[in-house]
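Below, each chain spelled out in residue letters.
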Amino acid sequence: MLTTALLRKNNMLEILKVIKQKHVMTRPEIAHLTKLTTVTVSTLVGELIRKNIVVEEGFANSIGGRKPALYRFNNDAYHIVGVNIRMSAISVDLFDLGANKVFTGNTIHFKLDQSVENTITAMERSILKLVEDTKEQYPNILGIGITLPGRVDYENGVVCHLTNLKNWVNIPLRDIIEKATGIRTYIERDTNSHISYLKWLDITEGRCNVLYCTIGEGIGAAVLIDGGVYHGEHGLAGEVGHTSLDPDGPRCNCGNSGCVEMFTSNRAILEYYLEACKSLGEPAPEIVDRMRDDADEADTVDLLAGRAMQGDAA
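Residues numbered from 1 in each chain as written. Predicted model: local features only at pLDDT ≥ 70, side-chain atom pairs only at ≥ 80, totals over all residues. Heavy atoms only, no water.

(A) A look at the overall build of the protein. Counting secondary structure elements, the protein contains ten helices and 13 strands. In terms of overall dimensions, the protein has C-alpha extents of about 80 × 45 × 40 Å along its principal axes. Burial statistics for the protein: of 314 residues in total, 40% are counted as buried. Here the contacts in the protein between residues at least 6 apart in sequence split such that 49% fall between residues at least 24 apart. Total accessible area computed for the protein in this model is approximately 18,000 Å², and 52% of it derives from carbon and sulfur atoms. (Helix = DSSP H or I, 4+ residues; strand = E, 2+ residues; numbered from the N terminus. Buried < 20%, exposed > 50% of the residue type's maximum accessible area, 1.4 Å probe, protein only. Contact = heavy atoms within 4.5 Å. Areas by Shrake-Rupley, 256 points an atom, 1.4 Å probe, with all protein chains shown as cover.)

(B) Region of interest: the pairing of strand β5 (residues 101-109). When strand β4 (residues 89-96) meets β5, the two strands line up antiparallel, connected through six bridges. The residue of β5 that forms the bridge with Ala-89 is His-109. As consecutive antiparallel partners, β4 and β5 are separated by four residues, and within that stretch Ala-99 has a phi angle of approximately 70°, a positive value. (Pairing = 2+ DSSP bridges.)

(C) Main features of the sheet that holds strand β10 (residues 185-189). Spatially, β5-β4-β3-β6-β10 is the arrangement adopted by the five strands of the open sheet, whose pairing is mixed. Since the sheet does not close on itself, it has two edges, and those belong to β5 and β10, each with one partner. Pairs of neighbouring strands in the sheet enclose a mean axial angle of 20°, with direction left out of account. Each of β3 (79-85), β4, β5 and β6 (141-148) is contacted by helix α4 (residues 116-134), which is oriented at about 155° to β5, the strand it contacts most. (Axes fitted to C-alpha atoms, helices over the stretch in contact; angles between N-to-C directions.)

(D) The nonpolar core, seen in detail. Ranked by size, the top nonpolar core spans 26 residues in total, and within it Val-83, Ile-85, Met-123, Ile-146, Leu-148, Trp-168 and Leu-173 carry the most contacts. Among the secondary structure elements, those contributing two or more residues to this core are β3, β4, α4, β6 and α5 (173-181). Ranked by the residues each element gives to this core, the list is headed by α4, at five residues. Not counting chain neighbours up to four residues away, the residues in contact with Ile-146 comprise Val-83, Ile-85, Met-123, Leu-173, Ile-177, Thr-185, Tyr-186, Ile-187 and Glu-188. Among the nonpolar cores identified, the runner-up in size contains 21 residues, and Val-45, Leu-48, Ala-77 and Leu-97 belong to it. (Core = buried A, V, L, I, M, F, W, Y, C linked by side-chain atoms within 4.5 Å.)

(E) Representation of the packing of aromatic side chains within the structure. The tally for this structure, following the rule as stated, stands at one aromatic pair. Aromatic side chains Phe-73 and Trp-200 sit 5.9 Å apart centroid to centroid with 65° between the ring planes, which places their arrangement in the edge-to-face category. Residue Phe-73 is located in strand β2 (residues 69-73), and its partner Trp-200 is located in helix α6 (residues 190-200); the two are separated by 127 residues in the primary sequence. According to the relative accessible area criterion, Phe-73 is buried, its value standing at 9%. (Phe/Tyr/Trp six-rings, centres within 6.5 Å; stacked < 30°, edge-to-face > 60°.)

(F) How the structure looks around the pattern of salt bridges. According to the stated counting rule, one finds 14 salt bridges in the structure shown. Between Arg-8 and Glu-47 there is a salt bridge, with its nearest N and O atoms 2.1 Å apart. On the criterion of sequence distance, the pair formed by Arg-8 in helix α1 (residues 4-22) and Glu-47 in helix α3 (residues 38-50) is long-range, its members being 39 residues apart. You can call Arg-8 partly exposed: its relative accessible area is 39%. (Salt bridge = Lys/Arg side-chain N within 4 Å of Asp/Glu carboxyl O.)

(G) Molecular detail of the sheet that holds strand β11 (residues 210-215). Taking strand neighbours across the sheet as the criterion, the three strands line up as β11-β12-β13 in an open arrangement whose pairing is antiparallel. Among the strands making up the open sheet, the edge pair consists of β11 and β13 (228-229).

(H) Quick look at helix α10 (residues 297-309). Between the first and last C-alpha of α10 there are 18 Å, a value that for 13 residues agrees with the 18 Å anticipated at 1.5 Å per step. Along α10, the residues that are buried comprise Thr-300, Val-301 and Leu-304. All buried residues of α10 lie within an arc of 100° about the axis, which places them on one face of the element. What points out from α10, more than 90 degrees from its buried face, is the exposed set Asp-302 and Met-309. Buried residues in α10 make contact with α8 (266-280) and α9 (285-292). In the segment just after α10, Gly-311 is the residue with positive phi, at about 100°. (Expected span 1.5 Å × (residues − 1). Arc of directions from axis to C-beta.)

(I) Broad picture of helix α2 (residues 27-34). Turning to α2, its buried residues number three or more, namely Ile-30, Ala-31 and Thr-34. All buried residues of α2 fall inside an arc of 100° around its axis, so they share one side. Along α2, exposed side chains directed more than 90 degrees from the buried face belong to Pro-28 and His-32. In this fold, the buried residues of α2 make contact with α1 and α3. Immediately downstream of α2, the backbone of Lys-35 shows phi near 60°, a positive value.

(J) View of the packing of α1 against α3. Across the interface, α1 lies against α3 with an axial gap of 10 Å and an inter-helix angle of 80°. It follows from the interaxial angle that α1 and α3 lie roughly perpendicular. Of the residues in α3, those in contact with Arg-8, Asn-11, Met-12, Ile-15 and Leu-16 of α1 are Thr-40, Val-41, Leu-44, Val-45, Glu-47 and Leu-48. Per-class residue counts for the contact of α1 with α3 are seven nonpolar, two polar and two charged. (Parallel < 35°, antiparallel > 145°, perpendicular 65-115°, else oblique. Nonpolar A, V, L, I, M, F, W, Y, C, P; charged D, E, K, R; others polar.)

Here it is in structure tokens:
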């Protein structure tokens, strides 16, 4: 059930979305595209102007009477620290409100059997260094967003379980990071963040119900229902990568055998390639070098796809 506050928030997001997509717009155009009343649009646009999130950008041509003001989305009003936790590394970067990366921070690489405490400490240091390095150019940090490859209680800011990272169970990550940095922090499962971003860019084309799937270090999915991210009763909606397809298959980090991501992830694709090379010839040196140097798996898979299109049998 929509509360007045939530309805107001949704209306404001719709206004921001159409202004961002159209670059510059008048209030009547905003009202037409959002199907909101002119009074609602005028009130919310005024609030966004006071917050500097929307700014005036000249005037449109008049069709009689006073020229209507044009408004644009101000990407630079605030900035966001984006922390992306993956299986092998953590990136810490700074983004504007348009989700454009404006500053590249540290990348933290996991060491074998690195403790959760040491990992979080490294994360805190990287965030604080990023804020310090950018404070003169980007002083208005709105918040920290952390994405993770696993089950998250996003409302309480708790990492419930990261299957592919050892000992990440019931970690109150939001509170830990907020205490260390003094900056409001949000955590979310990575695929849920992805589908929210796709909705923000309108790649979902206004559809209310969307299923989004990813193939990467693992296999994931996210679901939009009635325009909102669906988390499920226990925050497990979209956790398809650990569905067991073959009980006699290879052992997965989750403890089961034959999970989807054991057959279809980037890691599995690379292993298939090396196995095929045993009967079809030596693996390409560039592939071997990339795997030895622990290069990005996605880039290596792209390289494999290119070689396949060129006729490489393996």
